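Structure at a glance
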Amino acid sequence: MSDWEPKIVAFLCNWCSYGAADLAGVSRLQYPPNIRVIRIPCTGRMSPKFALSALRNGADGVWVSG
Amino acid sequence: MLLSNLLEYMGIERNRLHMSWVSSAEATKFIDVVTEVTEAVRALGPNKYFIKDQAKVA
Amino acid sequence: MGDRRATYKRYAQAIPGAFAIQKVDKAPCRLACPAGLNVQGYVQMVKEGKYKEALELIMEDLPLPGVLGRVCPHGCEDACRRCEVDQPLAIRDLKRLAADQFDAREIEIECAPERPEKVAIIGSGPAGLSAAYQLARRGVKSVIYEALSQAGGMLRVGIPDHRLPPEILDQEIEVITNLGVEIKVNTPLGPDLTVDDLFDQGYKAVYLAVGAHKGIGLNIPGEKAKGVRQGVEWLRQVNLDGSAPLGKRVAIIGGGNVAIDVARSAVRLGAESVQVIYRRTRAEMPAWEEEIQAAEAEGVEFVYLTAPQEILVDNGKVDGLRCIRMDLGGADSSGRRRPIPLPGSEIDLDVDMVVPAIGQRPDLSAIEAVSGLEFTRWSTADVDPVTFATGRPGLFAGGDLQSGPWVAIGAIAAGKEAAESIERYLDNADLAAGREPREYGAPVYRPIPADAVVTARAKMPELALAEREGNFREVELGYAAAEGQAEAGRCINCAYCCECYQCVEVCGAGAVTLETHAQERELVDLQVGSVILAPGFTPYDPSGLDFYGFDEHPNVITSMQFERLLSASGPTEGHVVRPSDHKEPQRIAWFQCVGSRDQNRCNNSYCSSVCCMYAIKEAVIAKEHAGDGLDCAIFYMDMRTYGKEFERYYEGAKQQGIRFLRSKVHTIDPVPGSDDLEVRYVNEDGSLASEVFDLIVLSVGLETNPEVVALAQSMGVGVTDGNFCQTDTFAPVTTTREGIFVCGAFQGPKDIPTAVVDASAAAAASGELLSLARNTETRTAEVVPETSVIGQRPRVGVFVCRCGINIAGVVDVPAVRDYAATLPFVEYVNDNMYSCSQDTQEEMTALIKEKGLNRVVVAACTPKTHEPLFQETLLNAGLNKYLFEMVNIRNQDSWVHKNNPEIATGKAKDLVRMAIDKVILKEALAETELNVTQAALVVGGGIAGMTASLSLARQGYPTHLVERTDRLGGQALSLFRTWKGELIQHQLAELVAEVKAEPKVTVHLNTELTAVDGFVGNFNTTLTNGTGEETIEHGVTLMATGAHELVPSEYAYGEDDRIVTSLELDRRLRADDDTVKNLATAVFIQCVGSREPERPYCSRVCCTHAIENALALRERNPEANIYILNRDIRTYGERELIYTKAREAGIIFIRFDVGHKPSISAADGKITVRVTDHILGRPVEIETDLLSLSAAVVPYADEQLAQFYKLPLNADGFFVERHAKLGPSEFATDGVFLCGLAHYPKSIDESISQGKAAASRAVTLLAQERIFTSGEVAQVDPMLCSSCGVCVSVCPYSAPSFIEADARMFAGKATINAALCKGCGLCVASCRSGAIHHKGFDNNQIFAMIDAI
């Protein structure tokens, strides 16, 4: 268990959080490497099915950010 | 909210699902939220419910 | 607070997002060096311990680093700006250190391919060696003829071994002979070998560098005696043979280095006494101070102010020296004081050897007769000073032969120049072109750092005195590495970039090259039809203003500096700390109007327009960063939040606890024992107060840079007293010179939205002038036909980018690449150094074709910047651009997980896998192509609408102007005068006449819109004028529907006809009737209906308007009492000048609070105004003959019209633009644009600017003629659609609709108009039937990615 790391699926809005994530990179800010980003055109695109599917596929967490 | 309730009903911890709003200029807020989400999920430990193998039974 | 190198990135978000190199003039050391050695460069390399690199830089110009590192008189050190801190850098010794640490013979010297021509060089001194070296590098082999038995010239025979060990010289001569240069010793020019012989032997060119080896005589009696030896000649013998005849008691005449060299050599060879006789004092001696000291230490005696008169001879041998004492008189031509003999002061010195060392000259005996070679009267060769060419083609001369005795580095320089000339001569090229010496006027250098610590210059260890006796072992022993590196660390990098070219070496992308470094300003002539000036502003520099203590207190900073502290990419990475001790401040104060509204301290009488708002913003953000505990206080005169949504922001800031103190600060004192600052100020009621702050931010104003003023003058463009561009209200972006337009802060101090409006307006103004030239200088790209991939098995190509070390430095790129190769459907994998480079793009195009790839994944940076580039690559390879997926392994992986390379590699693999699984499911998408109807509709016939219509028409587009009243002109029809004094009706009438006369504008009066159909590029709008309907086809729509004046419901409006609104007063002023004359008193009340809870915005124009009207009343009623009751006076920009003028004209301003508004009684024919005067603190009662109410500007908020085009209205009823700052004149709805009061209250010039701006934005669309919409849109599968209508109701863009009930197929089902769809996916997520597909982001594609985690 000690080396277990959570896997989190992040659904990021192309115009907002995805841009912030890019800027965090440009600014060389460091953060935990646990998220796997799926770029979506807008949080409006987010369907509850995506969250369920992610958890069903073994993700430990789901993060939706606009 | 509905989804959170549904998850709870399914036995999945509410804290596995996070929502936030970060503008494209808020790099620092972004990392704050990433860190927060990661820590929250880490605290819950591995997801045990509803993953595919068990879902087969259902 | 942060250090920055010569290569730097301006800030994280800079565009282009690339690094820059900061350069100024070449460093003074480099300019001082005769050979132009890159001193700063090699010093920096030594500092880094990169000795090889240091030598490489040195050996660009100098093949003898260890030699010159010992003997150079280092003129560079005299020029060193480190002197301004302590002592000059020990540059020469650092050069030697480099040569000590790395063998110069090991440096690889690049040579051009060998040429057939050979060159003869006469003399193997520094000039000859340097010429041979530089020729060899140019591919020209040479043979050096040396008269003496050993090579080296004066370096060999003029400098004793204790200063320059001969092995060092030998080694470094090898550097040159290793290049194939041959040296023939014992081969003097003379009867057996003449210059003609050399040419006859086939040498194409001859370089004479015989030096100056002949000593100059004293010209006194007794010089022929035995025991008199010329210094240079004696040294030559010592150097060649190891010793020379020597007396017991030696007198040396002269004060140069030769004299000292002779003296120190004589001591070593065992002379009993050695005296140096010099006619001036030590201060004037040309020999180096350290040499003099060393000689003294070794026992040499110096006799100053003494000159020889006669050598006493006994029996043909020297028997003494008669000297005379000297005194110093006035300065001579060399600037040194002239020695004057003191009569009767003769003394005789007891010596048996006299060595004159007062100078040398060339020995011309062997070259006197050379044809074409002339000599000067100083017996030096007379050659062209730039090319060193003699009168004979192919014959060149240089070094001491040409310059007379000079420093070795001068001869090195001469040799290099000769090589250049000889190469040009061999090439038959112009010898002189481009070689004129460059003038440096007042050089610009990096300022001496204020924090430079005084550090002593390092001194080399020396051989102990006792160990020097009787030998010629080297005295100076050279630095140890650490010591030398520390010494090099004292360099202050005068030129910023040291031109070490390490960046060129390391840049894998080849983005920085030697050519980049050589870039200079160049003059380019451009043929243009119009010029737009957008030179911006310079923040006011408060350094000179002792009042704020900006220079003294580190914790007083400017607002610009504070902005950097707030920035994530700033010096503290967005962490707000104060400069003095990096403590997080608890209390921050902002002082407004620093460098604005101030004629006494800074001569900027205007308001800078933006500072109030930015100060509030900074305070709000600072609180966001630091938390609620942070105390923010803003000291101000008037709070000017007059922009759209600004007043709300101001009120919000108050809610957040930011304190606003209307007061004057009179003293700032440091708090003893801390870095805090005590601020003493006067409250509005006159009471004194004091507070302590950790940090003070000066809200500095905007100024026009003096260079911009000079530019304007040189262009013939007029400026105002405040140095802003001179413009008229009705032509706000037109300068005083035809064809030149202006925008931004040079037009007047302004914020971003206004500047962006201006920019578009200037573009339109220019476009009106140049519309005939449209599309004449554009180029079109070639289109590659698209190949169909339908039915093909996916063949995925994966390209993983290294991005130099940006990705590859963290992520194991080959591992990711190899991993990708194992995944299904992947046909080809590769990794690239820079995937975005031109050649990689071409390579990818070729690979896609060659391997038959039909899906492409690029794992690189971010799709937000680079997706279009790679899509272009697909298009070039004939693939549909949507068959592509980008993986972000830089911004979202390597850059953010620098310390976890393994995890970052794992993450990259995951992301690549997800993208491959998605791209397999991607399909070719079609983009809808639309023709843009080449016509415009402008709604609203006010100033903005008319301006926009005219601009569109003048740019060639038929325009329909719809006005619902029976007249063009809008609100301006009521207005009297602008703040600049222009009469509005006159100008308005002209504008209306122009619109009516413009053939491309169709005016529809008394007309309203009844229906709108269509979308961007293809609108169909139905108009009605009461008598009939008409449908117009147009590609774009401009909303200029305006606003109106509020009808006041307070201040007894309507109870007395002397109580009027601003516009009513304007009309009376225009009529100039009795109601505005013979007044004893007039009162204006501001903010009537504005800045109130039900209308929480500032109407922007009223303060200026009221003041202008007050001045108009003052003209008619010189004796009247005129009052303006206000909450803040918001005369932004140069409008401030009329506020000043009004106060000078005796107009009285009384401030009131919104909680204590004035009260009015209108009874018995009297109007009485009661208001509490804040300064007096008590109520004032004014009986007035006229009361003008500055009523709010209220938008029409026509919801039906807004609905027609799906346009949002804000809470106040104004239209909401696409982006507050970057898109102020357009809507989020494509094809619809916005201008005038419907956007927000604004003055006439601002309305005109925005009218032009909206036209400008519209033309960018019209001019495309055809547009493509994105392929990534939603599409309904009508078979699954249940006609529930959710998509129709949720879509913010009205893209979905129901198919007509009488349609042949799928009646009543939903359909989505691809031209309107923005691809947000809202309908897809909400479709309960799963009938809507999102092309490019379809459910199966997203599920595939989820499955692949």
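About the cut-offs
- Residues numbered from 1 in each chain as written.
- Chains lettered and ligands numbered in written order.
- Predicted model: local features only at pLDDT ≥ 70, side-chain atom pairs only at ≥ 80, totals over all residues.
- Helix = DSSP H or I, 4+ residues; strand = E, 2+ residues; numbered from the N terminus.
- Buried ≥ 20, exposed ≤ 12 C-beta atoms within 10 Å, placed from the backbone.
- Pairing = 2+ DSSP bridges.
- Right-handed = clockwise from strand over helix to strand, strands pointing away.
- Contact = placed C-beta atoms within 7 Å.
- Nonpolar A, V, L, I, M, F, W, Y, C, P; charged D, E, K, R; others polar.
- Axes fitted to C-alpha atoms, helices over the stretch in contact; angles between N-to-C directions.
- Parallel < 35°, antiparallel > 145°, perpendicular 65-115°, else oblique.
- Left-handed = near helix turned anticlockwise from the far one by under 90°.

A few points about the overall build of chain A
Summing up its helical and strand segments, chain A has 2 helices and 3 strands in all. Mapped from its N terminus to its C terminus, chain A presents α and β elements in the order β-α-β-α-β. If one aligns the C-alpha atoms of chain A with their principal axes, the spans along those axes are about 35 × 30 × 10 Å.

What about the pairing of strand E46 (residues 1081–1088) of chain C?
On a regular strand, one side chain projects to one face of the sheet and the next to the other, so that they alternate. All names here are of chain C. Counted residue by residue, E46 has 7 buried out of 8 residues, so it is predominantly covered. As paired elements, E46 and strand E47 (residues 1121–1126) share 5 bridges and run parallel to each other. Counterpart to Ile1085 in the pairing with E47 is Leu1125. Remark: the E46/helix H33 (residues 1102–1116)/E47 crossover connection has right-handed handedness. Relative to strand E52 (residues 1186–1191), E46 is paired through 5 bridges, and the arrangement is parallel. Note on E52: the bridge partner recorded for Ile1085 is Leu1189.

Here we look at the interface of chain C and chain A
Quite often, the size of an interface is put as the accessible area lost when its parts meet. Each partner contributes to the interface: chain C provides 35 residues, whereas chain A provides 29 residues. Elements that contribute at least two residues to the side of chain C that touches chain A include exactly helix H28 (890–894), helix H29 (901–920), helix H38 (1322–1326) and helix H39 (1339–1347) of chain C. Sort the elements by how many residues they give to the side of chain C that touches chain A and H29 of chain C lands first, with 6 residues. Of the residues that constitute the side of chain C that touches chain A, the class distribution is 18 nonpolar, 10 polar and 7 charged.

Here we look at the interface of chain B and chain A
At the junction of the two partners, chain B supplies 31 residues and chain A supplies 31 residues. Every element with two or more residues in the side of chain B that touches chain A is listed here: strand E1 (17–20), helix H2 (27–44) and helix H3 (52–57) of chain B. Broken down by element, the residue count for the side of chain B that touches chain A peaks at 12 residues, all from H2 of chain B. Residues of the side of chain B that touches chain A, tallied by class, amount to 18 nonpolar, 8 polar and 5 charged. The pairing of strand E3 (residues 61–65) of chain A with E1 of chain B spans 4 bridges and is parallel. When the sheet's bridge partners are listed, Trp63 of chain A is paired in E1 of chain B with His18 of chain B.

A closer look at the environment of Arg913 of chain C
Residues and elements named next belong to chain C. In this fold, Arg913 is placed in helix H29. Judged by local crowding, Arg913 falls into the buried class, with 21 C-beta atoms found within 10 Å. Contacts of Arg913, omitting those with residues within four sequence positions, involve Leu823 and Ala1348.

Side note on the packing of helix H2 (residues 48–56) of chain A against H39 of chain C
It is the contact of H2 of chain A with H39 of chain C, at a shortest axis distance of 9 Å, that shows an interaxial angle of 25°. The pairing of H2 of chain A with H39 of chain C is recorded here as roughly parallel in orientation. Seen along the crossing, H2 of chain A lies across H39 of chain C with a hand that is right-handed. Across from Phe50, Ser53 and Ala54 of chain A in H2 of chain A, the residues of H39 of chain C making contact are Ile1342, Phe1343 and Ile1346 of chain C. When the residues that make up the contact of H2 of chain A with H39 of chain C are grouped by side-chain class, the tally is 5 nonpolar, 1 polar and no charged.

Regarding the sheet that holds strand E6 (residues 205–208) of chain C
Residue and element names in this part refer to chain C. The 5 strands lie next to each other as E5-E4-E3-E6-E19, forming an open sheet whose pairing is parallel. Strands at the two margins of the open sheet, each flanked by one partner only, are strand E5 (182–184) and strand E19 (395–397). Taking the axes of each pair of neighbouring strands and ignoring which way they run, one obtains an average angle of 20° across the sheet. Note that strand E4 (residues 141–145) and E5 share 3 bridges and pair parallel. Paired with Ile144 across the bridge in E5 is Ile183. On the sheet, helix H15 (residues 408–426) packs against strand E3 (118–122), E6 and E19 and is oriented at approximately 165° with respect to E6.

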